[in-house]
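# Notes for the structure review
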Amino acid sequence: MKKFLRSIVFYVFALWLTSTVVTSLSITGNAWGVLTAGFMLTVMMILLKPLVSLIFLPINILTLGLLSWFVNVVVLYLWTIFVPNVSLTAWEFPGLNIGGFIVPSAQLSMPWTLVVVALVIMFIVSLLERLDDN
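Now for a quick tour of the structure. Fair warning: this is a prediction, and the values are worked out from it, not measured in the lab. (Residues numbered from 1 in each chain as written. Predicted model: local features only at pLDDT ≥ 70, side-chain atom pairs only at ≥ 80, totals over all residues. Heavy atoms only, no water.)

## Observations regarding the overall build of the protein
Regarding its fold elements, the protein presents 5 helices and 6 strands. Start at the N end of the protein and walk to the C end: the helices and strands fall as α-β-α-α-α-β-β-β-β-β-α. The globule rule puts the C-alpha radius of gyration for 134 residues at 14 Å, and the 16 Å found for the protein is close to it. Seen through its principal axes, the protein has C-alpha atoms that stretch 45 × 40 × 35 Å. Within the protein, the proportion of its 134 residues that are buried is 34%. Nonlocal contacts in the protein, meaning residues at least 24 apart in sequence, comprise 63% of its contacts between residues at least 6 apart. On the protein, roughly 8500 Å² of surface is accessible, and the fraction owed to carbon and sulfur atoms is 73%. Of the side-chain charges in the protein, 5 are positive and 4 negative, and the distance between the mean point of each set is 10 Å. (Helix = DSSP H or I, 4+ residues; strand = E, 2+ residues; numbered from the N terminus. Rg over C-alpha atoms; globule rule 2.2 N^0.38 Å. Buried < 20%, exposed > 50% of the residue type's maximum accessible area, 1.4 Å probe, protein only. Contact = heavy atoms within 4.5 Å. Areas by Shrake-Rupley, 256 points an atom, 1.4 Å probe, with all protein chains shown as cover. Lys, Arg positive; Asp, Glu negative; His and termini not counted. Charge placed at Lys NZ, Arg CZ, Asp CG, Glu CD.)

See the structure below:
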């Protein structure tokens, strides 16, 4: 139970941070909407991720684990379908200019936006889990 509650907190924080960084992910309903979305994502990761991993096991074996991130993208896509207060649109990256280093602006289509959002959420959650272990 303690691990489940910790996962909910981690996913809620990751969703809040991702929705502020990647503006194409929007969660309506203020704090209650983010809590509901985080709870649903935690439940889906616990219940659906092993099933989707089993389905994609042959692809994962053929690519030697390089496409293991694809399971998170599939679960996140299903999450955007089943949770009504979550919407994901195409993302337009405004670009960066840091000390002469220029990253040009880019427009990502919906599938690539889904990949970026999934990778950001999983990076934040894994970072929080590593910090919690110490």
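## Describing the nonpolar core
For soluble globular proteins, nonpolar side chains are generally found buried alongside one another. Counting residues in each nonpolar core, the largest one holds 34 residues, and the members touching the most others are Leu-15, Leu-41, Leu-76, Trp-79 and Ile-121. Those elements giving two or more residues to this core turn out to be α1 (2-21), β1 (25-27), α2 (30-55), α4 (69-82), β2 (86-88) and α5 (110-133). Take this core: its biggest share by element is 9 residues, from α5. Leu-76 has contacts with Leu-41, Leu-114, Val-117, Ala-118 and Ile-121, leaving out every residue within four places of it along the chain. (Core = buried A, V, L, I, M, F, W, Y, C linked by side-chain atoms within 4.5 Å.)

## Describing the packing of α4 against α5
Contact geometry of α4 with α5 gives a least axis separation of 9 Å together with a crossing angle of 105 degrees. Taken as axis vectors, α4 and α5 run roughly perpendicular relative to one another. Side by side, α4 and α5 meet where Trp-69, Asn-72, Val-73, Leu-76 and Tyr-77 of the first sit next to Leu-114, Val-115, Val-117, Ala-118, Leu-119, Ile-121 and Met-122 of the second. Class assignment of the residues belonging to the contact of α4 with α5 gives a composition of 11 nonpolar, 1 polar and no charged. (Axes fitted to C-alpha atoms, helices over the stretch in contact; angles between N-to-C directions. Parallel < 35°, antiparallel > 145°, perpendicular 65-115°, else oblique. Nonpolar A, V, L, I, M, F, W, Y, C, P; charged D, E, K, R; others polar.)

## A few points about unusual backbone geometry
In terms of backbone geometry, most residues other than glycine have negative phi values and most peptide bonds are trans. One non-glycine residue, Asn-30, lies in positive phi territory at about 55 degrees. In this structure, Asn-30 sits in helix α2. Of note, the phi angle at Leu-64 is positive, near 55 degrees, even though the residue is not glycine. Among the structural elements, Leu-64 can be located in the loop between α3 (57-62) and α4. Look at Leu-64 and you get exposed, because its relative accessible area is 77%.

## Quick word on the packing of aromatic side chains
Applying the stated rule across the entire model yields 5 aromatic pairs. Ring geometry for Phe-13 and Trp-16: centres 5.9 Å apart, planes at 40 degrees, overall tilted. Of this pair, Phe-13 and Trp-16 both sit in helix α1, 3 residues apart, roughly one helical turn. The class of Phe-13 is partly exposed, set by a relative accessible area of 36%. Ring geometry for Trp-69 and Phe-70: centres 6.1 Å apart, planes at 85 degrees, overall edge-to-face. Looking at Phe-70, the relative accessible area reads 34%, which means it is partly exposed. Each residue in the set Phe-56, Trp-69 and Phe-70 is aromatic and connected to the rest through ring pairs, giving one cluster. (Phe/Tyr/Trp six-rings, centres within 6.5 Å; stacked < 30°, edge-to-face > 60°.)

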